[in-house]
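So the chains spell out like this:
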Amino acid sequence: MTIVKEKILAPLPGNYNLENYDEIRRTFTWEDASSELFWKAGKVNAAYATVDRHVDEGYGDKIALHYANGDERRSLTFREVKEKTDHYARVLKKHGVKKGDRVFVFLPKTPECYIAILSVIKIGAIAGPLFEAFMEEAVKDRINDCSGTLLITDRELGKRVPREEIPSLQTVLYDDEIEAEDVEAVPGEELTEWVGPEDGMLIHYTSGSTGKPKGVLHAHRAVSHHYVSGKWVLDVKDDDVYWCTSHPGWVTGSVYGLFAPWLNRATVIIQGGRFKAEDWYRLIEEFGVTIWYSAPTAFRMLLSKGDALKQFDLSSLRHILSVGEPLNPEVIHWAWNELGVRIHDTWWMTETGGHLIVNLPAEPIKPGSMGRPFPGITVGILDENGQELPRGEVGQLAIRTPWAGLMKEIWGNKDRFDAYFKYEGWYLSGDLAYQDEDDYVFFQSRDDDMINSSGERIGPFEVESKLIEHPAVAEAGVIGKPDPVRGEIVKAFITLRPGFRESAELLEDIRVFVKQGLAAHAAPREIEVMEELPKTVISGKILRRELKALEAKRAEESSVATGN
Ligand code: 6R9
């Protein structure tokens, strides 16, 4: 389909940690990326590198975090985070946790959640962060899958842990119990377990599009990736106040909420509680947030809130980043107009352990594109035989192996792991994209979301992006609805912005808007207004597969009703 070329946004003037992308791309090696910093005689410990190192290097008094939840405020220095992590680590050791054990952390977004994760990693065990909104089933499935032996939780979330259904789980520790435990530091104690680069560090469960969640295991070597992407993509400097809005139960909340910013010694904001536009803006103003990392779903909600931001001073913001879903050009233009800064899209996956395709602060942005390959990363757009396609053609988005953050395994499932590497030398993402002559990569869809209507392939993202340019549309999820004549037709599910009411005229106006702005064959033949779009709980991604399931169910019901 025709690609709508958007205006290129030039970088804002500034001193950025990575000024010369082209040169770094030529000279970069993963070995050089961090070697002198973390690796001691071939050994490493991600928790030490992330926090303790700063204390040893004389930055113990620097504020590591500000915590805000409602009216509650707390701040901790790097020394305080280290000492608390040590205390948690001693308690874990006392309860028999050993290197390689899987220890789950089921806590709301609090400093203790971050500290618990670090304490597990410090003693060489593998941390499994669980999202705070998980219910019994999700908690049980994950801990059972990798035979977790210990769980750290609080009194509230602990009610959602069906212990008798998790045979491997020997111990449940509540955070207030840990705080109160009397474990003294003994002289000469070495809490930090120095491990090899391939030793396990983190396990994140990702739902995938079908089947049970996969346990994506990351090794300690991933810290190099976290560190260097934090430096160059997040552009963290010593005086930055950094806020990643995700919970560590999603890989974004652990890698870019905890590890990457702290490896670069940033002061981070940890914000508890639910999403509310005013609260978010107030937090940015109160703490003078300079770098902000969130997701398109949040940006779209802020955008559709209109003038909510006008009452706040958001001028501290110098750098904004987005991940998780395609970033609609409309959202980039909104931030540019309202906040005077660009939103930098980043593409990566739980399995990749860190950024792979990025927009760097010193480089031009092409709205609609996820950016260019991170230094050390080579992108391939492959056909069904694993052959590289020419620039501009849509195919399977793949990455040359290996790189520092790449997952080590899918827990207990070699077949699912091997499926990512079915083309020799490549990691296969499951996304479809094309790359232009300037190396920018344009996301089209997940492999199974691509629409085929009368032989035309239509990526839902472009249609959705055009839809939300219409003043009445807040969010859109576009799918292919089975059709006897065309194979599939484009069907859009939308939510309306405040102040708009559904009517036949409005829907027709929206349809014509897409037809004229994009292409006739891309204009949705059906538009349905919803109160809310179905989304993933952890990361707020629009669940097109649920929209498709809804259509399939309706088709089945109507065929039963008509006897066809
Ligand atoms: C970090 C994270 C990975 C999938 C990925 C893709 C989608 C992520 C995106 C994006 C378009 C971006 N995705 N970033 N799509 N533009 N900038 O999201 O990990 O939850 O494992 O999801 O998310 O489809 O394959 P995860």
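Residues numbered from 1 in each chain as written. Predicted model: local features only at pLDDT ≥ 70, side-chain atom pairs only at ≥ 80, totals over all residues. Heavy atoms only, no water.

- With an unreviewed UniProt entry as reference, the protein is termed acetate--CoA ligase, source organism Bhargavaea cecembensis DSE10.
- Quoted verbatim from the Sequence similarities (unreviewed entry) heading of the UniProt record, the comment on the protein is "Belongs to the ATP-dependent AMP-binding enzyme family." (UniProt positions renumbered as here; feature names shortened; annotations may be inferred.)

Quick look at the packing of aromatic side chains
Stage number 1. What the rule picks out here adds up to 25 aromatic pairs.
Stage number 2. Considering the side-chain rings of tryptophan 280 and tryptophan 292, the 6.3 Å spacing of their centres and the 75° angle between planes classify their relative orientation as edge-to-face. Residue tryptophan 280 is located in helix α10 (residues 277-287), and its partner tryptophan 292 is located in strand β11 (residues 291-294); the two are separated by 12 residues in the primary sequence.
Stage number 3. You can call tryptophan 292 buried: its relative accessible area is 1%.
Stage number 4. The rings of Trp243, Phe275, Trp280, Trp292 and Phe299 are connected pair by pair, giving a single aromatic cluster.
Stage number 5. We note arginine 142 situated over the ring of phenylalanine 134; from NZ or CZ to the ring centre the distance is 4.3 Å.
Stage number 6. For arginine 400, the ring lying beneath its charged end belongs to tryptophan 426, and the centroid distance is 4.1 Å. (Phe/Tyr/Trp six-rings, centres within 6.5 Å; stacked < 30°, edge-to-face > 60°. Helix = DSSP H or I, 4+ residues; strand = E, 2+ residues; numbered from the N terminus. Buried < 20%, exposed > 50% of the residue type's maximum accessible area, 1.4 Å probe, protein only. Lys NZ or Arg CZ within 6 Å of the ring centre and 35° of its normal.)

A look at the packing of helix α5 (residues 111-122) against helix α9 (residues 251-263)
Stage number 1. Contact geometry of α5 with α9 gives a least axis separation of 11 Å together with a crossing angle of 70°. Classified by the angle between their axes, α5 and α9 sit roughly perpendicular to one another. In contact with Tyr114, Ile117, Leu118 and Ile121 of α5, α9 contributes Gly257, Leu258, Phe259 and Trp262. (Axes fitted to C-alpha atoms, helices over the stretch in contact; angles between N-to-C directions. Parallel < 35°, antiparallel > 145°, perpendicular 65-115°, else oblique. Contact = heavy atoms within 4.5 Å.)

Here's the deal with the layout of surface pockets
Stage number 1. Computed from the structure, the second largest pocket encloses a volume of approximately 1200 Å³.
Stage number 2. Lining the second largest pocket are 41 residues, with Arg274, Phe275, Met301, Val537 and Gly540 sitting closest to its centre.
Stage number 3. Those elements giving two or more residues to the lining of the second largest pocket turn out to be α11 (296-304), β23 (473-483) and β24 (487-496).
Stage number 4. Grouping the amino acids of the lining of the second largest pocket by side-chain chemistry returns 18 nonpolar, 12 polar and 11 charged. (1 Å grid on protein atoms, 1.4 Å probe; cavity = no way out; pocket = protein on both sides within 12 Å on 5 of 7 lines; lining within 4 Å. Points joined across faces, edges and corners; volume = space filled by probe spheres on them. Nonpolar A, V, L, I, M, F, W, Y, C, P; charged D, E, K, R; others polar.)

Points about the UniProt feature "domain: AMP-binding enzyme C-terminal" (unreviewed entry) in the protein
Stage number 1. Cross-referencing UniProt, the feature "domain: AMP-binding enzyme C-terminal" (unreviewed entry) maps to residues 462-536 in the present numbering.
Stage number 2. Secondary structure over residues 462-536 splits into 27% helix and 33% strand, and the C-alpha atoms at its two ends are 21 Å apart.

Some words on the sheet that holds β23
Stage number 1. Ordered in space as β23-β24-β25, the three strands form an open sheet in which the pairing is mixed. This sheet does not close on itself; its edge strands, each paired only once, are β23 and β25 (526-529). Strand-to-strand twist in this sheet, taken as the mean axis angle between neighbours without regard to direction, amounts to 25°.
Stage number 2. Sheet topology note: the β24/β25 ladder contains four bridges and is parallel. Bridge pairing in β25 links isoleucine 494 to valine 529.
Stage number 3. Set on the sheet, helix α16 (residues 544-562) makes contact with β23, β24 and β25; between it and β23 the angle comes to about 50°. (Pairing = 2+ DSSP bridges.)

A word on the site of the ligand
Stage number 1. Taken together, 17 residues are adjacent to the ligand, and Asp345, Thr346, Thr350, Arg446 and Lys541 come closest.
Stage number 2. The contact in question runs from a nitrogen atom of the ligand to an N or O atom on the backbone of glycine 324, over 3.1 Å.
Stage number 3. Within the contact set of the ligand, an oxygen atom lies 2.6 Å away from a side-chain nitrogen or oxygen of lysine 541.
Stage number 4. Contact with the protein chains covers 93% of the free accessible surface of the ligand, which is 530 Å².
Stage number 5. Among the secondary structure elements, those contributing two or more residues to the shell around the ligand are β13 (343-347) and β20 (441-446).
Stage number 6. By residue number, the principal contributor to the shell around the ligand is β13, which donates three residues.
Stage number 7. Its residues assigned to classes, the shell around the ligand shows eight nonpolar, four polar and five charged. (Near = heavy atom within 4 Å. Polar contact = N/O pair within 3.5 Å; in protein donor to acceptor, adjacent residues only side chain to side chain. Areas by Shrake-Rupley, 256 points an atom, 1.4 Å probe, with all protein chains shown as cover.)

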